[in-house]
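Given next are the chains, with one letter for each unit.
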Amino acid sequence: MSEKFEFISATDRPALLAFSTPEWLEAARLALQELGYRVHTAATHSDFLIRFSQVRYQVVVLEECFAANTIEENLTLKALQAMPMPQRRHATVILFGNTFQTFTPMQAFQQSVHAVINSSELFLLKQLIEKAVGDNTMFQHSFREVQERVYTSGSREK
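Residues numbered from 1 in each chain as written. Predicted model: local features only at pLDDT ≥ 70, side-chain atom pairs only at ≥ 80, totals over all residues. Heavy atoms only, no water.

## Description of the packing of aromatic side chains
Next, step 1: Counted according to the given criterion, the structure contains three aromatic pairs.
Next, step 2: Seen in terms of ring centroids, Trp24 and Phe96 are 5.1 Å apart; in terms of plane orientation they differ by 80°. Their pairing is edge-to-face. Taken together, the positions of Trp24 in helix α1 (residues 22-34) and Phe96 in strand β4 (residues 92-97) put the pair 72 residues apart, joining distant regions of the chain.
Next, step 3: Taking relative accessible area as the criterion, Phe96 reaches 0% and is therefore assigned buried.
Next, step 4: The structure contains a cluster of three or more aromatic residues connected by ring pairs, namely Phe19, Trp24 and Phe96.
Next, step 5: A cation over an aromatic ring shows up here: Arg13 above the ring of Tyr37, its NZ or CZ 4.0 Å from the ring centre.
Next, step 6: When the ring centre of Phe103 is taken as origin, the NZ or CZ atom of Lys131, which lies over that ring, is 5.2 Å away. (Phe/Tyr/Trp six-rings, centres within 6.5 Å; stacked < 30°, edge-to-face > 60°. Helix = DSSP H or I, 4+ residues; strand = E, 2+ residues; numbered from the N terminus. Buried < 20%, exposed > 50% of the residue type's maximum accessible area, 1.4 Å probe, protein only. Lys NZ or Arg CZ within 6 Å of the ring centre and 35° of its normal.)

Structure follows, in structure tokens:
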């Protein structure tokens, strides 16, 4: 599948989707577009890894059985779980599927993602994504603030 090159500007809010179920993919695409994100779609596991390594996505929504029959076979999820935190901290990672109870912290923690959403709540996806991003932003606020202070104080000393 050949896609045209798409320039991402500094003001864009990029999001990456990895879905095998077409209806869920379209619902997630529309929700993110309504929230003002520039949406990219990964077609395969390797496509996801290439895209994720090239763009600092703000939001990633991943289907639990993306390019797999079970969550255990989901190579994309396994790759995200194995990444060092600095490689994935910039993105709010949301796992979407049938086996989760929406916004259950322990399930999200077990999967090394920020939030889990049950597919039965597809009709609320826009609001749920917005909440997950907001929660992650608040959680990361202190870390990012300290990181910025360290960066700016280090650049003044030179």
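## Some words on the layout of surface pockets
Next, step 1: Approximately 400 Å³ is the volume attributed to the largest pocket.
Next, step 2: Surrounding the largest pocket, 18 residues form its lining, Val113, His114, Ala115, Asn136 and Phe139 being those nearest its centre.
Next, step 3: Only α4 (85-88), α5 (105-110) and α6 (125-157) provide two or more residues apiece to the lining of the largest pocket.
Next, step 4: Here the element with the most residues in the lining of the largest pocket is α6; it accounts for six residues.
Next, step 5: Residues that form the lining of the largest pocket fall into these classes: nine nonpolar, five polar and four charged. (1 Å grid on protein atoms, 1.4 Å probe; cavity = no way out; pocket = protein on both sides within 12 Å on 5 of 7 lines; lining within 4 Å. Points joined across faces, edges and corners; volume = space filled by probe spheres on them. Nonpolar A, V, L, I, M, F, W, Y, C, P; charged D, E, K, R; others polar.)

## Observations regarding the side chain of His40
Next, step 1: Considering the arrangement of structural elements, one finds His40 in strand β2 (residues 38-41).
Next, step 2: Among the polar contacts listed, one links the side chain of His40 to the side chain of Tyr57, at a separation of 2.7 Å.
Next, step 3: Every residue in contact with His40, bar those within four places of it in the chain, is listed here: Glu6, Ile8, Ala15, Leu16, Leu17, Arg51 and Tyr57. (Polar contact = N/O pair within 3.5 Å; in protein donor to acceptor, adjacent residues only side chain to side chain. Contact = heavy atoms within 4.5 Å.)

## A word on unusual backbone geometry
Next, step 1: Phi angles above zero are rare outside glycine, and Ala67 is one such case at about 50°.
Next, step 2: Among the secondary structure elements, Ala67 is positioned in the loop between β3 (59-63) and α3 (75-82).
Next, step 3: Of the residues examined, Ala67 reaches a relative accessible area of 51% and is grouped as exposed.
Next, step 4: Even without glycine at this site, Phe103 takes up a positive phi of about 60°.

## Details of the nonpolar core
Next, step 1: The biggest cluster of nonpolar side chains holds 22 residues, and the ones touching the most others in it are Leu32, Val59, Val61 and Ile129.
Next, step 2: Residue assignment for this core shows that the elements contributing at least two residues are β1 (14-18), α1, β3, β4, β5 (115-118) and α6.
Next, step 3: By size, the runner-up hydrophobic cluster in this structure holds 21 residues, among which are Ala18, Ala42, Ile71 and Leu77. (Core = buried A, V, L, I, M, F, W, Y, C linked by side-chain atoms within 4.5 Å.)

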